[in-house]
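Residue-level structural notes
Each chain is listed here by its residues.
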Amino acid sequence: MELESIIQTHLTYERKRIEFDPAAKEKSKIWIETIKNAPRSVEAIQTLMDAKEVAMNQTNDILQVRRLDWEWSALLWLQGVIQRSRR
């Protein structure tokens, strides 16, 4: 399966989660936004992940930490997909 096809399939899954799992609504929206706007380079994604981690360590706002953590997780997922697609 082609990289963009895998990504689009996952974004579709996240959109459906919003419809059927109200508890996942906020997280899914953040994942969709993060994945759509992220670069498609492992190195560039790693740079973003590092910045998110630094930001998480510098804030005491639990809501901001949660959002950054969800963004970081989405980037980690995307980075893994890109790495596997190169094999």
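Our structure's up above, just so we're on the same page.
If you're wondering where the values come from, they're calculated on a predicted model, not measured in any experiment. (Residues numbered from 1 in each chain as written. Predicted model: local features only at pLDDT ≥ 70, side-chain atom pairs only at ≥ 80, totals over all residues. Heavy atoms only, no water.)

**So, the packing of aromatic side chains**
Summed over all chains, the structure comprises 1 aromatic pair. Relative to tryptophan 77, the ring of tryptophan 31 has its centre 6.5 Å away and its plane inclined at 50 degrees; by these criteria the two rings are tilted. With tryptophan 31 in helix α2 (residues 25-37) and tryptophan 77 in helix α4 (residues 62-85), the pair connects residues that are 46 residues apart, well separated along the chain. The exposure class assigned to tryptophan 31 is buried, which follows from its relative accessible area of 10%. (Phe/Tyr/Trp six-rings, centres within 6.5 Å; stacked < 30°, edge-to-face > 60°. Helix = DSSP H or I, 4+ residues; strand = E, 2+ residues; numbered from the N terminus. Buried < 20%, exposed > 50% of the residue type's maximum accessible area, 1.4 Å probe, protein only.)

**Things to note about the packing of α2 against α4**
In the contact formed by α2 and α4, the axes pass within 9 Å of each other and the chain directions differ by 50 degrees. Judged by the inter-axis angle, α2 sits oblique to α4. When the axes of α2 and α4 are compared, the crossing they make is right-handed. Taken together, the residues of α4 that come into contact with α2 (itself represented by Glu26, Lys27, Ile30, Trp31, Glu33, Thr34 and Ile35) are Arg66, Arg67, Trp70, Glu71, Ser73, Ala74, Leu75, Trp77 and Leu78. Here the residues of the contact of α2 with α4 are counted per class, giving 8 nonpolar, 2 polar and 6 charged. (Axes fitted to C-alpha atoms, helices over the stretch in contact; angles between N-to-C directions. Parallel < 35°, antiparallel > 145°, perpendicular 65-115°, else oblique. Left-handed = near helix turned anticlockwise from the far one by under 90°. Contact = heavy atoms within 4.5 Å. Nonpolar A, V, L, I, M, F, W, Y, C, P; charged D, E, K, R; others polar.)

These figures come from the coordinates and say nothing about function on their own.
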